[in-house]
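What follows is the residue order along each chain.
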Amino acid sequence: MNIKNKKAMHVHEKEYIRKHFFSFFAKGNVLFIHGYNSTWFKHRSILDFFYENGYNVFTLDLPNHGKNTDYNSQLFFTDYCNYVLDFIKQHNLKKIVLFGHSMGGGVIGAIFKEINKITKFVILQDPLQKSVKKKDTGIIAKAFDMMKKHGIGGIKKWLTPSNNSLHSILLLNDIVSDDVLVNIENGLKMIDVPTLVFFGENDDVIDPMDAKEYFESIVNKKYLYFEIIKNAKHSPDIENFLETKEVIINFLNK
């Protein structure tokens, strides 16, 4: 579904593609990958921002997420990585601005080594990586904290899938497994293009300071730009759109 020279699109589909009529002259191709138990549709404001600033925009609902529910079996992190690589090949993307949120940021880390030669910039919003398992501050600690405060109902609400085709607990166990986190780390170590990593200052899933320390130890400082977005939690582009937009503009204009 190609949307050319149209105003903001607010139809919930499994793919969102907005290309300028003379797309060859676009600044680049933004590829956005959403997070765990989520959908691209939640991030449509920031996607429209990129389009309005001269980029072609490509995104999708990962299998068993959003409107992409035509699957009879549970898929896992590696399946999502392959799905995104197939999407890139299908659309023959070059000059890519890779933009990932949470689990989507982890996918980008894991596949970077496969597509580094066609990548222009990397933008990672509250991305999945090893610091999620740091003692007392990571995603597992959050789950237990929610259970203490709100009982089984609290953690159940957090893990409730957005649609019936997603087995969210199975997927959560997979994305925080050692194999997946090592795979992401190996990709992050290979980053050789300008990379913006940003977190909401009140992120209640991944501790921003733990993540900052981790990224500074893994990614070449020549390429790394790390920012904290005020008045935001785990989705700064939604919770503080204006500051997120300014951080991204400043990064792209460096």
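Residues numbered from 1 in each chain as written. Predicted model: local features only at pLDDT ≥ 70, side-chain atom pairs only at ≥ 80, totals over all residues. Heavy atoms only, no water.

Draft legend 1. Up close: the packing of helix 3 (residues 103–115) against helix 6 (residues 178–188). Between helix 3 and helix 6, whose axes approach to 7 Å, the crossing angle comes to 60°. Taken together, the axis directions place helix 3 and helix 6 in an arrangement best described as oblique. Like other packed secondary-structure pairs, helix 3 and helix 6 cross with a definite hand, here left-handed. Taken together, the residues of helix 6 that come into contact with helix 3 (itself represented by Gly106, Gly109, Ala110, Phe112 and Lys113) are Asn183, Ile184, Gly187 and Leu188. A breakdown of the residues in the contact of helix 3 with helix 6 according to their chemical character gives 4 nonpolar, 4 polar and 1 charged. (Axes fitted to C-alpha atoms, helices over the stretch in contact; angles between N-to-C directions. Helix = DSSP H or I, 4+ residues; strand = E, 2+ residues; numbered from the N terminus. Parallel < 35°, antiparallel > 145°, perpendicular 65-115°, else oblique. Left-handed = near helix turned anticlockwise from the far one by under 90°. Contact = heavy atoms within 4.5 Å. Nonpolar A, V, L, I, M, F, W, Y, C, P; charged D, E, K, R; others polar.)

Draft legend 2. Fine view of the confidence of the model for the chain. Summing up the model confidence of the chain, the mean pLDDT is 86 and the portion of residues at 70 or higher is 83%. In this model, residues 1–11 is a region of pLDDT below 50 whose contacts with residues beyond four sequence positions or in other chains number 29 contacts. (pLDDT = per-residue confidence, 0-100.)

Draft legend 3. Spatial organisation of the packing of aromatic side chains. On inspection of all chains with the given rule, the structure shows 12 aromatic pairs. Both rings, one in Phe121 and one in Phe251, keep their centres 5.6 Å apart while their planes meet at 70°; by these two values the pair is edge-to-face. Taken as a pair, Phe121 in strand 6 (residues 119–125) and Phe251 in helix 9 (residues 241–252) lie far apart in primary sequence, 130 residues in all. Per residue, the accessibility class of Phe121 equals that of Phe251, and both read buried. Among the aromatic residues, those joined into a cluster by ring pairs are Phe32, Phe49, Phe50, Tyr55 and Phe99. Against the face of Phe41 rests Arg44, its NZ or CZ located 4.0 Å from the ring centre. (Phe/Tyr/Trp six-rings, centres within 6.5 Å; stacked < 30°, edge-to-face > 60°. Buried < 20%, exposed > 50% of the residue type's maximum accessible area, 1.4 Å probe, protein only. Lys NZ or Arg CZ within 6 Å of the ring centre and 35° of its normal.)

Draft legend 4. Summary view of a nonpolar patch on the surface. There is a patch of nonpolar side chains on the surface, built from Phe21, Phe22, Phe24 and Phe25 and spanning about 590 Å² of accessible area. Residue placement: Phe25 occurs in the loop between strand 2 (15–19) and strand 3 (29–33). (Patch = residues over 30% accessible without salt bridge, like charges linked within 9 Å, V, L, I, M, F, W, Y side chains within 5 Å. Areas by Shrake-Rupley, 256 points an atom, 1.4 Å probe, with all protein chains shown as cover. Salt bridge = Lys/Arg side-chain N within 4 Å of Asp/Glu carboxyl O.)

Draft legend 5. Quick look at unusual backbone geometry. Phi is positive for Asn64, close to 70°, though the residue is something other than glycine. Along the chain, Asn64 turns up in the loop between strand 4 (56–60) and helix 2 (77–90). A positive phi angle, close to 50°, is found at Asn92, a residue other than glycine. Along the chain, the position of Asn92 falls in the loop between helix 2 and strand 5 (96–101).

Draft legend 6. Summary view of the environment of Asn64. For Asn64, a relative accessible area of 0% gives the class buried. When the C-alpha atoms of Asn64 and Thr39 are compared, they prove to be 9.9 Å apart, with 25 residues separating the residues in sequence.

Draft legend 7. Just the layout of surface pockets, in detail. Its boundaries defined by the atoms lining it, the second largest pocket holds a volume of some 260 Å³. Mapped onto the lining of the second largest pocket, the elements with two or more residues apiece are strand 2 and strand 4. Considered class by class, the residues forming the lining of the second largest pocket number 5 nonpolar, 7 polar and 3 charged. (1 Å grid on protein atoms, 1.4 Å probe; cavity = no way out; pocket = protein on both sides within 12 Å on 5 of 7 lines; lining within 4 Å. Points joined across faces, edges and corners; volume = space filled by probe spheres on them.)

Draft legend 8. Structural detail: helix 1 (residues 44–52). Along helix 1, the residues classified as buried are Ile46, Leu47, Asp48, Phe49, Phe50 and Tyr51. Directly beyond the C-terminal end of helix 1, a positive phi value near 100° is found at Gly54.

Draft legend 9. View of the nonpolar core. In terms of nonpolar packing, the biggest core is built from 50 residues, with Leu31, Phe77, Met103, Ile175, Leu188 and Phe215 touching the most fellow members. No other element matches helix 3, which puts 7 residues into this core. Leave out the neighbours within four places in its chain, and Met103 touches His34, Gly35, Tyr36, Leu62, His65, Phe77, Tyr80, Leu128, Leu171 and Ile175. Counting 24 residues, the second largest nonpolar core, distinct from the first, contains Phe32, Ile46, Ile123 and Phe198. (Core = buried A, V, L, I, M, F, W, Y, C linked by side-chain atoms within 4.5 Å.)

Draft legend 10. Representation of helix 9 within the structure. Here helix 9 contains 12 residues, and its C-alpha end-to-end distance of 16 Å stays within 8% of the 16 Å for a straight helix at 1.5 Å per residue. Every buried residue of helix 9 is listed here: Thr244, Val247, Ile248, Phe251 and Leu252. Down the axis, helix 9 shows its buried residues gathered within 125° of arc, on one side only. Looking at the buried positions of helix 9, the neighbouring elements they touch are helix 1, strand 5, strand 6, strand 7 (195–200), strand 8 (224–229) and helix 8 (236–239). (Expected span 1.5 Å × (residues − 1). Arc of directions from axis to C-beta.)

Draft legend 11. Focus on the pattern of salt bridges. Under the defined criterion, the tally for this structure stands at 5 salt bridges. Of the charged contacts, one joins Arg18 and Asp48 as a salt bridge, the two residues approaching to 2.7 Å between their closest N and O atoms. Of this pair, Arg18 sits in strand 2 while Asp48 is found in helix 1, placing the two residues 30 residues apart along the sequence. For Arg18, a relative accessible area of 1% translates into the label buried.

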